[in-house]
Amino acid sequence: MSVTTKKQKGLHAVKAFFKSLPMRVISKTVGALLKCIITILLIGVITFTVVASVMVVYVLSNFDGTEGLPDLADLSINETSIVYTMAEDGSWQEYQRLEGNDSIWVDLEDIPLNMQHAVVAIEDKRFYEHDGVDWRRTIAASANLVLHFQSVEFGGSTITQQFIKVYTGEADQTIERKITEIMRALRLEQTLDGSKADVKDQILEAYLNVLPLSRNVIGVGAAANNFFGKEVEDLSLAECAAIAGITQNPSKYDPFSHPENLRDRQRTVLRAMLNQGLITEDEYVQAVNEELHFSAYASRSMLQDYYVDLQVEEIAEDLMEKYGYSYNQAISKIYRGGLSIYSYENVTLQQKAEAIYADESNFPAHIESDDQDPQGAIFVIDYNGRVVATVGGRGKKDSDRVYNRSTDARRQCGSSVKPLGSYGPAIDKNLIHFSSLIPDAPITLPNGKKWPPNYGSTSTSNRGTTTVAYALKRSLNTTAAQLVQQLTPAESYSFMVNRLGFELEPQDKDYSALALGGFHKGVTCREMAEAYQIFGNGGYFRDTSTYAYVKQGDETLLEAKSVPVRVIGEDSAYVMNRLMQLVVREGTGANISGDWRGGWEVFAKTGTSGTSRSGTDYNVYFAGGTPQYVAASWFGYDYDKALNSRQTGYARSLWNEVMVALRNDNLSAEEKGFGGVKADLINREMIVEATYCEESGMLVGDNNTCTAKKTGVYKTSFMPDFCNEHVLAGTATTPDGGTSNGEPTTPGTTLDLSEIYGTGVSTAPTAAQ
């Protein structure tokens, strides 16, 4: 048989096989599957195209990349801002130039190439290739977010995107924010003048100057000063890589707190630079082996005091609110915008306050077992809306913009809340007067529990009644709870939040918070001082400020306008003032009374969170005022540790040290007091000073035989009757203050409060506002 014949037979066999029934079935099945797959793919492509088109239209319609674009020209302004304070003759004089060692602008030409390359290598290796967005990296990051194919998180943001994020301060983790950021990055690189290389240089220069680093340090220039004690142009390759490594997690890679973490991160940066051909193998080895020495720059001519620190934060907040700046924009404006800041600071008073907190002899001795010593803070204001002094911690201040416990630390204020959450509003609503009798007994909470015990006790028994004056000066917990119950927690909460400006949590609409100061997040010394001003100025609340106005050239950017708002009646404020003077003379604050002789009148209230019986006094407060100033002082540990019995008096003693140091002893006798009983102030209009019976809480008249007597102060609009428990035989008191035989009885002397407070108010306000 020929070869040709064999081949023909083989072909016929193959054809016959494929024509067989099983193969025809398989062929049809495969064909159908292929058509199905192709159809699905086409549907997927069409669906993707439609969805993508809709998304593009949606993004272009709803996300405008032109809004919020950085102004690089404004950002690079580098003109020193100056703080001015008022001299004794009323003229403004230069006090301090804001050097801004934590934010220093450096031109790109003065930033080493190693610094530039280190940031590009670790953050955006295709920076010079893309047009603002690295799509490959963005898609990979998005896929990893969904599929988790890489265990270590990595971001898709470019340096341009990071710069916009830092500049705007927008960091919320939402799709909308990310799309807006992408649109802005594309738009920014399109709108900047110059070649692509010029555009990249402008963006890199800006980013290197605003990137956030550890300890509030901003930018590589300030980082060189603060971390290595040198100028940025003098940094070595190893130091450049270390600074570049901080940006990923400034807290984790803090050079002073976590040097080993930063060392590991630095090696990662150096490896990236080597892999991208930005350094040689020899340079890599030398940099890896170089020992890093962290030290702050010592050439600052003048540190900012706590007052200027606070001023910077206040101005930043006001710039953000008025002009829509991000925080970093505002700080840059303050330090490099050539601002003229007209400050309320009295430098002498601020220095006196800081010197007291820097003196270790004013604090308890170190306890060997303590990791840290307890801290303290104070905030002082006047009655005209001005901050007088602020100190944020124990010891000498050694850097700028440090943690200020008087404004930043929210701590429970204990019983110092009682004048604010219970007694003050209760007096104003005429629920009580100076000598009203209140039950010294716990209330019954909604859960049926009897609460609270008094300080230092676990007993919740009924102790009868006591006068308002005694209850407040001895800081009874039961009576405060009784008053909040009468007011209702809702009313007390509203008074503190809406009238006194406290930032409280909804959970604080509670007896524990409003009666005893057990607030969920606590309060600040500033909030307490501002609230207590109402007891020394006739019932007015006003926000306080550290500056009068801020100018840039001839333009006034900001102006402080403190408007007094009446929150309680003038007569109510004076009754509370006199009640709290008893705290200083006879009550829980009596330890300081010896320093305030010579006619000085001082009102105050102590506060302790916890119970001394169980040794859990974590925070102590002391808040109060003189005719000159109002202050609130806190003392305690930064961490969760109880104070011992020898430490709990330091909020009071430090308050006293500062207020004695700040007071003006050359004031007249009238200026040292809030009024008192003086013949030239009598007008019998709003306030009466009278003797009351401690047992009944009622006034003592000519025909009363009361033996336990005290002097009280009362609103003429809300007077107690005369005592009906101790009466001379054959006589009786009448409601109008007379006797049964018609002889008049004068209960006391009225005071002109417009003279006391100098507010010009001569008519009585409506009670129970």
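Residues numbered from 1 in each chain as written. Predicted model: local features only at pLDDT ≥ 70, side-chain atom pairs only at ≥ 80, totals over all residues. Heavy atoms only, no water.

A count of helical and extended segments in the protein gives 24 helices and 19 strands. In the protein, which comprises 769 residues, the proportion classed as buried is 51%. Within the protein, counting contacts between residues at least 6 apart in sequence, those at least 24 apart form 70% of the total. With the model as given, the accessible surface of the protein reaches about 35,500 Å², and the carbon-plus-sulfur share is 51%. (Helix = DSSP H or I, 4+ residues; strand = E, 2+ residues; numbered from the N terminus. Buried < 20%, exposed > 50% of the residue type's maximum accessible area, 1.4 Å probe, protein only. Contact = heavy atoms within 4.5 Å. Areas by Shrake-Rupley, 256 points an atom, 1.4 Å probe, with all protein chains shown as cover.)

This brings us to unusual backbone geometry. Cis peptide bonds are those with omega within 30 degrees of zero, and the linkage from W451 to P452 qualifies with 0°. Take P452: it is sitting in the loop between β8 (450–451) and β9 (465–467). One non-glycine residue, R401, lies in the positive phi region at around 55°. Tracing the sequence through the fold places R401 in the loop between β5 (387–391) and α16 (418–428).

With mixed pairing, five strands are arranged side by side in an open sheet as β2-β1-β3-β11-β12. Strand pairing shows two members of the sheet lacking a second neighbour, β2 (92–98) and β12 (555–559), which therefore form its edges. Across this sheet, the average inter-strand angle for adjacent strands is 25°, counted without regard to direction. When strand β3 (residues 339–343) meets strand β11 (residues 547–552), the two strands line up antiparallel, connected through five bridges. Opposite I341, over in β11, you have V550 as the bridge partner. Sheet contacts for helix α13 (residues 306–323): β1 (81–86), β2, β3, β11 and β12; angle to β12, the most-contacted strand, approximately 105°. In this fold helix α14 (residues 327–336) packs onto β1, β2, β3, β11 and β12, with an angle of close to 70° to the strand it touches most, β1. (Pairing = 2+ DSSP bridges. Axes fitted to C-alpha atoms, helices over the stretch in contact; angles between N-to-C directions.)

Quick look at the environment of F603 now. One can find F603 in strand β14 (residues 603–609). Taking the relative accessible area as the measure of exposure, F603 reaches 0% and is therefore buried.

Note on strand geometry: in a regular strand, side chains alternate between the two faces of the sheet. Of all seven residues in β14, six are buried, a share of seventy percent or more. Relative to strand β15 (residues 619–625), β14 runs antiparallel, the two being bridged by seven bridges. From the neighbouring strand, A604 faces β15, where its bridge partner is G624.

Strands sit in the order β5-β4-β16-β15-β14 across an open sheet of five strands; the sheet is antiparallel. Only two strands of the sheet have a single partner each, and these edge strands are β5 and β14. In this sheet, neighbouring strand axes are inclined to one another by 10° on average, regardless of whether the strands run parallel or antiparallel. Here β15 runs beside strand β16 (residues 630–636); their pairing, made up of seven bridges, is antiparallel.

Right, let's talk about the packing of helix α4 (residues 113–123) against helix α10 (residues 237–246) for a bit. Packing of α4 against α10 brings their axes to within 8 Å, and their N-to-C directions diverge by 40°. Considering their axes alone, α4 and α10 lie oblique with respect to each other. Read as a crossing pair, α4 and α10 show a hand that is right-handed. Here α4 contributes N114, M115, A118, V119 and I122 to the contact with α10, which in turn contributes L237, C240, A241, I243 and A244. Considering only residue class, the contact of α4 with α10 consists of nine nonpolar, one polar and no charged. (Parallel < 35°, antiparallel > 145°, perpendicular 65-115°, else oblique. Left-handed = near helix turned anticlockwise from the far one by under 90°. Nonpolar A, V, L, I, M, F, W, Y, C, P; charged D, E, K, R; others polar.)

Right, let's talk about α4 for a bit. Of all eleven residues in α4, eight are buried; the element is thus mostly enclosed. Listing the buried residues of α4 in full gives M115, Q116, A118, V119, V120, A121, I122 and E123.

Moving on, we come to a nonpolar patch on the surface. A surface patch of nonpolar side chains, about 560 Å² in accessible area, is lined by I26, V30, L34, I38, L42 and I46. Mapping V30 onto the fold places it in helix α2 (residues 21–62). Taking the relative accessible area as the measure of exposure, V30 reaches 42% and is therefore partly exposed. (Patch = residues over 30% accessible without salt bridge, like charges linked within 9 Å, V, L, I, M, F, W, Y side chains within 5 Å. Salt bridge = Lys/Arg side-chain N within 4 Å of Asp/Glu carboxyl O.)

Turning our eyes to something else, we now look at the pattern of salt bridges. Overall, the coordinates contain 26 salt bridges when judged by the stated rule. With a shortest N-O distance of 3.1 Å, E181 and K178 are connected by a salt bridge. With E181 and K178 both in helix α7 (residues 175–191) and three residues apart, the pair spans about one turn of that helix. Take K178: its relative accessible area is 26%, and that puts it in the partly exposed class. Notably, a salt bridge pairs K200 with E189, separated by 2.9 Å at the nearest N-O pair. Of this pair, K200 sits in helix α8 (residues 196–210) while E189 sits in helix α7, placing them eleven residues apart in sequence.

This part covers the confidence of the model for the protein. For the protein, per-residue confidence averages 86 on the pLDDT scale, and residues scoring 70 or more make up 83% of the total. Of the regions scoring below 50 in pLDDT, residues 56–60 engages in four contacts with residues more than four places distant in sequence or in other chains. Residue range residues 758–769 is modelled with pLDDT below 50. Its contacts to residues more than four positions away, or to other chains, number 31 contacts. (pLDDT = per-residue confidence, 0-100.)

What follows deals with the environment of V232. Looking at the secondary structure, you find V232 in the loop between α9 (220–228) and α10. Judged by relative accessible area, V232 falls into the buried class, the value being 2%. When near neighbours in sequence (up to four residues on either side) are disregarded, V232 contacts V106, D110, P112, V220, G221 and A224.

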